[in-house]
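The residues making up each chain are set out below.
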Amino acid sequence: MTEVDLKSRLEFLKRTQNADGGWGYFVGKQSWMEPTAYAILALKGSSGSEDVIRRAWTLAQSWQLPDGGWRPGSQVQDPTWVAALGLIAASCLGCLDQVAPKSVPWLLNMKGQESKWTVRLASYVHLLKTDVNVTHRGWPWHPGNSSWIEPTALTVVALKRSLAWNSNGDVSGRIRDGEELILSRRGRDGGWNSGNPSVLKYDVPSYPETTALALIGLQGSANKDLSEPLRAVQKLYLESKSSLATAWLTIALHCYGVRVPPGPNRSAPTDVLLCALQAIGHPSGNFRFLGPGTPA
Amino acid sequence: MNRRRFLPLAGIAAAAGYVSWKSKQEPHIASGPPGNSAVAVIRAASYQEDLVSKIYEGVRSCGLAVAGKRILLKPNLVEFDSATVINTDAAVIAAALEVFRKLGAAEVRIGEGPGHRRDTYDLADDAAYRKTIRGFEDLFVDLNRDDVTAVRGFAGEREMYFPNSVLAADLIVSLAKMKTHHWAGATLSMKNLFGLVPGSVYGWPKNKLHYIGIPESIVALNRTFRNTFAIVDGIVGMEGNGPIQGTPKHSGVLVMGSDLVAVDATCCRIMGIDPQKVEYLQMAAELGHLREARIDQRGESPRSVRSDFTLIEDFSHLRLVS
């Protein structure tokens, strides 16, 4: 991707902002937290984007609930996994103090249902049909559900970045537990799928986008040898045809200091999320906002 | 063994005993709605045959009227593996599109929200949908990332969110694949509605449905969306460890009907599965007809095209006897 490609993607994002300040997954659609948060990350620091970002952040903040959770958009009342994106966006904008006091405790309180004692017991007596390790606490997509790789990886990134606001033992403990959960669910092929490396004793293959997100979540892990997963990401980068997967793999590789060219664009031309991720993954893009940040 | 350790284990033993006892009881199956349901079984040896004529024949024989309706075709697009047949074949979708246009539908669109993979367009490419279906880009909506509206009264939930493209459709056509399923026994036209649930709210996978319960969710989706028609692609289905890692199984049929319970029950009989032993069908019996006597078969009889699908050990008890 050239500088011109980066500029055109940032211009696309500025041009397609909804009147309410957010972005839909596709141009002209309802605003959602996910494309809005990644658009904020992509645009941060680019010239002439201050007002665009201010309006986007005002909308995003309106989705934070009094208890610290975040709704995925105006039309949905329930809090979901996007709380992690709220915290990451706040960190990128330097305003963690506005949202972290409520969102960090909310995230610390959230955990996958498989870590409940009843499920651990069922696992102990081999009543579960999956082989997942249920001793670690990760994060679900939706409260009351099980932990999965993507929400866990994003929350681990968010909590690592929140350490710049307030570092305490609870946060560090959950970060370590989240990292352990990610590592425990790595498949035999070296990567990660959504979170079940095998079902009924059959290995389930990895997905490139989830493998990239897992590695992004593991950045800065102490005493972890990530050379093998990194090789898996490089292999998937060469093999993957998916535009979205390539965008995530590019971000992951840049986060680990590996410079790669952009992949193909086979998705809908109006795909806002893809556009934002491609901009973030540009060598001059803001991929560092998906890194662990600098602890205070 | 101390008390702390004994009590939970005793609880699990009691629960396992109850489940074992319960599974041996004859299930109560509701008699279903009044009247009979028409289900068409049309032979189609391969995807190279004239599928437009065959689907047209099936739709007409079931008495479906679509003139002026906005139709959403919902294929089963899950993952892609060139070594097996996971998804509804593109030729079946293209043929259905042509049939419904020919029959005077006001609009025909295609929508799907895959449960595992994020890049729906890439999956559609791999499954040859873009290559086979003319104008695919303009017809397709990624239901995982569509705008949504709350629906009340879904499976006891305060509210559940569904894509606006689904809610706006006058008719949802479940274009399912005939497959075994390692959690549900079989995945056919009713389970295919899982793809109507948006990932943007519930994630990848849509784990909320697992917590509600897979059979319970199948029934709730089919109770919520009653404006449906089914076309099951059984030309080449999947047996064994479905719905993703099984092996191809040629059955050479398309199964169609407005009563999705009756369509799935018919598919089960073709697959050598006793539909009255499939939990979600037992639970759905109030929505449609499960018993052979209440299904008016059009085209071939299920018996004449029966070709037993291999079942994993957990579901070997589902085998249809006779």
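Everything here concerns the structure above.
Reference entry: report on the structure contained in this document. Predicted model, so just to flag it, every value in this text is computed and none were measured.

**Digging into helix H7 (residues 149–162) of chain A**
Quick reminder: α-helices carry 3.6 residues per turn. Residues three or four places apart thus point the same way.
Item 1. Taking 1.5 Å as the rise per residue, H7 of chain A with 14 residues should run 20 Å; its terminal C-alpha atoms sit 20 Å apart, in good agreement.
Item 2. In terms of residue burial, H7 of chain A counts as a mostly covered element, since 14 of its 14 residues are buried.

**Some remarks on the side chain of Thr-266 of chain B**
All names here are of chain B.
Item 1. Within the element layout of this structure, Thr-266 appears in helix H11 (residues 260–271).
Item 2. There is a polar contact of 3.4 Å between the side chain of Thr-266 and the side chain of Gln-297.
Item 3. The contacts of Thr-266, once residues within four sequence positions are left out, are Val-39, Val-41, Val-255, Ile-295, Gln-297 and Pro-302.

**A few points about the interface of chain B and chain A**
Size of an interface: often given as the accessible area lost when the parts come together.
Item 1. Counting residues at the interface gives 39 residues for chain B, matched by 49 residues for chain A.
Item 2. Summed over both sides, the interface between chain B and chain A buries roughly 3900 Å², with carbon and sulfur atoms accounting for 52% of that surface.
Item 3. The interface formed by chain B and chain A includes six salt bridges.
Item 4. Here Lys-241 of chain A makes a salt bridge to Asp-126 of chain B, at a shortest N to O gap of 2.4 Å.
Item 5. Where chain B meets chain A, there are 19 residue pairs in polar contact (both at pLDDT 80 or more).
Item 6. At the level of secondary structure, the elements contributing two or more residues to the side of chain B that touches chain A comprise helix H1 (3–24), helix H4 (120–126), strand S6 (159–163), helix H8 (199–202) and helix H9 (207–212) of chain B.
Item 7. Considered class by class, the residues forming the side of chain B that touches chain A number 13 nonpolar, eight polar and 18 charged.

**With respect to the pattern of salt bridges**
Item 1. Using the criterion set out here, one finds 31 salt bridges over all chains in the structure.
Item 2. Across the pair Lys-14 of chain A and Glu-11 of chain A runs a salt bridge, and its minimum N-O distance is 3.6 Å. Placement of the pair is Lys-14 of chain A and Glu-11 of chain A together in helix H1 (residues 3–15), with a separation of three residues, close to one helical turn.
Item 3. The shortest N-O distance in the salt bridge between Lys-74 of chain B and Glu-112 of chain B comes to 2.8 Å. A residue pair is termed long-range when its members are at least 10 positions apart, and Lys-74 of chain B in strand S2 (residues 70–75) and Glu-112 of chain B in strand S3 (residues 107–112) qualify at 38 residues.
Item 4. A network of salt bridges, in which partner residues are shared, links Asp-78 of chain A together with Arg-152, Arg-158 and Glu-159 of chain B.

**Looking at the packing of aromatic side chains**
Geometrically, a pair of aromatic rings is defined through the distance of the ring centres and the angle of the planes.
Item 1. Throughout the structure, instances matching the rule amount to 11 aromatic pairs over all chains.
Item 2. Ring centres of Phe-136 of chain B and Phe-140 of chain B lie 4.8 Å apart, and the angle between their planes is 20°; this geometry places the pair in the stacked category.
Item 3. You can call Phe-136 of chain B buried: its relative accessible area is 2%.
Item 4. For Phe-140 of chain B, a relative accessible area of 4% gives the class buried.
Item 5. Through a chain of ring-to-ring contacts, the aromatic side chains of Phe-26 of chain A together with Tyr-121, Tyr-129, Phe-136 and Phe-140 of chain B assemble into a single cluster.
Item 6. Looking at Arg-118 of chain B, its charged tip hangs above the ring of Trp-204 of chain B, at a distance of 3.7 Å from the centre.
Item 7. Taking the ring centre of Phe-194 of chain B as reference, the NZ or CZ of Lys-191 of chain B above it sits at 4.0 Å.

**Some remarks on the environment of Lys-116 of chain A**
Item 1. For Lys-116 of chain A, the position within the fold is in the loop between helix H5 (96–109) and helix H6 (117–124).
Item 2. Taking the C-alpha atoms as reference, Lys-116 of chain A lies 20 Å from Val-199 of chain A; in sequence the two are 83 residues apart.

**Some remarks on the pairing of strand S10 (residues 247–257) of chain B**
Residue and element names in this part refer to chain B.
Item 1. For S10, a buried count of eight out of 11 residues is recorded, marking the element as mostly surrounded by other parts of the structure.
Item 2. As defined by bridge partners, strand S1 (residues 37–43) adjoins S10 across five bridges and the pair is classed as antiparallel. Each bridged residue has a counterpart across the sheet, and for Ile-42 the counterpart in S10 is Leu-254.
Item 3. In this sheet, S10 lies alongside strand S9 (residues 228–239) in antiparallel orientation, the contact comprising nine bridges. What sits directly across from Glu-239, in S10, is Thr-247.

What counts and what doesn't
Numbering of residues starts from 1 in every chain and runs along the sequence as written. Ligands are numbered from 1 and chains lettered from A, in the order in which they are written. Local features in this predicted model are restricted to residues of pLDDT 70 or higher, and side-chain atom pairs are both shown and tallied only at a pLDDT of 80 or more, whereas totals for entire chains, interfaces and linings draw on every residue. Heavy atoms from the whole structure form the basis of all side-chain values; hydrogens and water molecules are not counted. Only DSSP runs of H or I with at least four residues qualify as helices, and only runs of E with at least two residues qualify as strands; both kinds are numbered from the N terminus onward. In this scheme, a helix's expected span is set at 1.5 Å multiplied by one less than its residue total. A 1.4 Å probe rolled over the protein chains alone gives each residue an accessible area, and that area as a share of the maximum for its type sets the label: buried under 20%, exposed over 50%, partly exposed in between. For this analysis, a polar contact is any N or O atom pair within 3.5 Å, provided that within protein one partner can donate a hydrogen and the other can accept it, and provided that sequence-adjacent residues contribute only side-chain to side-chain pairs. Pairs of residues are marked as contacts when any of their non-hydrogen atoms sit within 4.5 Å. Accessible area that two parts lose when put together, evaluated with a 1.4 Å probe and summed over both, is termed the buried area. Whenever Lys or Arg places a side-chain nitrogen within 4 Å of a carboxyl oxygen from Asp or Glu, that contact is recorded as a salt bridge. Classes in brief: Ala, Val, Leu, Ile, Met, Phe, Trp, Tyr, Cys and Pro nonpolar; Asp, Glu, Lys and Arg charged; the others, Gly included, polar. Stacked, tilted and edge-to-face are the three classes assigned to paired rings of Phe, Tyr and Trp, where Trp is represented by its six-membered ring and a pair needs centres within 6.5 Å; plane angles under 30 degrees give stacked, over 60 edge-to-face, the rest tilted. In this scheme, the term charge over a ring applies when either NZ of a lysine or CZ of an arginine sits within 6 Å of the ring centre and within 35 degrees of the ring normal. Strand pairing follows a simple DSSP-based rule, namely that at least 2 bridges must link the two strands.

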